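For reference, the chains in residue letters:
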Amino acid sequence: MARKLAAGNWKMNGTRCALDELSALAKAHPDPSVDILICPPATLIRTAASLVDGGPLLIGGQDCHSQVSGAHTGDISADMLADAGATHVILGHSERREDHGESSDDVNAKARAAHASGLVAIVCVGESLAQREASNTLDIIGGQLASSLPDGCTAANTVIAYEPIWAIGTGKVPSTAQIDEVHDFIRARMIRRFGQAEGAAIPLLYGGSVKPDNAAEIFATDNVDGALVGGASLKAADFSPIIKALEGTV
Ligand code: 13P
């Protein structure tokens, strides 16, 4: 079984002074029993990686290009992220799918690039409110998984994050029964596609309005191996109790 993972997605938040929060987090968790990952904006990755070097905290990117290099103004390759000290990269976040028109095929190509560079790909899937209300959630998630994941996914190179779009930044959280249903479905799909050993071990994160006061209940759900946290990962004082709640399950 892969280690559980508490991942923070800082999105487009944070200048250099935000690294104080990273230092505070490192100090509060010198020997964690779960993996702790912070994905800061690209401008902070190198400095953040240097800051946590030698300790248990991990640093990741929020996106990468599918090509290794070339004429792609403004983009960052997986190799560049790895070179800057990143170990993980978030791919196919709903904000990238919406704001940048990323398709699941694009995400698939990016995941292949991430794997080729030795990065763990955190592949995000999730339904909109309209899709949930139309009872299409599992169809949507199944389709996103089938198209976004390349062959060769293992527990060592891939993490899945289930992030219902309607729960992101809204304070609305699905019921544990709803999370349970989707995570069980994702687990079954992982086993069917990647085999029992890898499929059963690929970490499945829940994301969307995870806070200190709801983390323990979410982490008690079957097949929830951690969280991808937005707003509550920006301050060590908020993220730390979420990490401790996850540690309470191991
Ligand atoms: P919030 O935790 O702010 O809802 O964001 C979730 C998210 O999108 C993480 O990737």
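As shown above, the structure is provided for reference.
Let us look at the structure shown here. Note that the structure is predicted; figures quoted are calculated from it, not measured.

Cut-off values and rules
Residues numbered from 1 in each chain as written. Predicted model: local features only at pLDDT ≥ 70, side-chain atom pairs only at ≥ 80, totals over all residues. Heavy atoms only, no water. 1 Å grid on protein atoms, 1.4 Å probe; cavity = no way out; pocket = protein on both sides within 12 Å on 5 of 7 lines; lining within 4 Å. Points joined across faces, edges and corners; volume = space filled by probe spheres on them. Helix = DSSP H or I, 4+ residues; strand = E, 2+ residues; numbered from the N terminus. Nonpolar A, V, L, I, M, F, W, Y, C, P; charged D, E, K, R; others polar. Buried < 20%, exposed > 50% of the residue type's maximum accessible area, 1.4 Å probe, protein only. Pairing = 2+ DSSP bridges. Axes fitted to C-alpha atoms, helices over the stretch in contact; angles between N-to-C directions. Left-handed = near helix turned anticlockwise from the far one by under 90°. Contact = heavy atoms within 4.5 Å.

## Brief notes about the layout of surface pockets
1) Next: Space inside the largest pocket adds up to approximately 580 Å³.
2) Next: Met-12, Gln-62, Asp-63, Arg-96 and His-100 are, among the 25 residues lining the largest pocket, the residues nearest its centre.
3) Next: Sorting the residues of the lining of the largest pocket by element identifies α2 (42-52) and α4 (94-99) as the ones contributing at least two each.
4) Next: Partitioning the lining of the largest pocket into residue classes produces 9 nonpolar, 10 polar and 6 charged.
5) Next: Around the second largest pocket sit 15 residues that line it, and Lys-11, Gly-169, Ser-209, Gly-230 and Gly-231 are the ones nearest its centre.
6) Next: Classifying every residue of the lining of the second largest pocket by side-chain character gives 5 nonpolar, 7 polar and 3 charged.

## Considerations on the pairing of strand β6 (residues 158-162)
1) Next: Counting buried residues in β6 gives 5 out of 5 residues, a clear majority hidden from the surface.
2) Next: Burial along β6 is two-sided: the face carrying Thr-158, Ile-160 and Tyr-162 and the face carrying Val-159 and Ala-161 are both buried.
3) Next: Direction of pairing for strand β5 (residues 120-125) relative to β6: parallel, over a ladder of 5 bridges. Looking at β6, one finds that Ile-122 is bridged to Val-159.
4) Next: Sheet analysis places β6 next to strand β7 (residues 204-207), joined by 3 bridges and oriented parallel. Looking at β7, one finds that Tyr-162 is bridged to Tyr-206.

## Remarks on the packing of helix α7 (residues 137-148) against helix α8 (residues 176-194)
1) Next: The contact between α7 and α8 brings their axes to 11 Å, and the two run at 35°. Where α7 crosses over α8, the two elements pack in a sense that is right-handed. Each of Thr-137, Leu-138, Ile-141, Gly-142, Leu-145 and Ala-146 in α7 lies in contact with α8, whose residues at this interface are Glu-181, Val-182, Phe-185, Ile-186, Arg-189, Met-190 and Arg-193.
2) Next: Here the contact of α7 with α8 is composed, by residue class, of 8 nonpolar, 2 polar and 3 charged.

So far we have only geometry, and geometry alone does not tell us how the molecule works.
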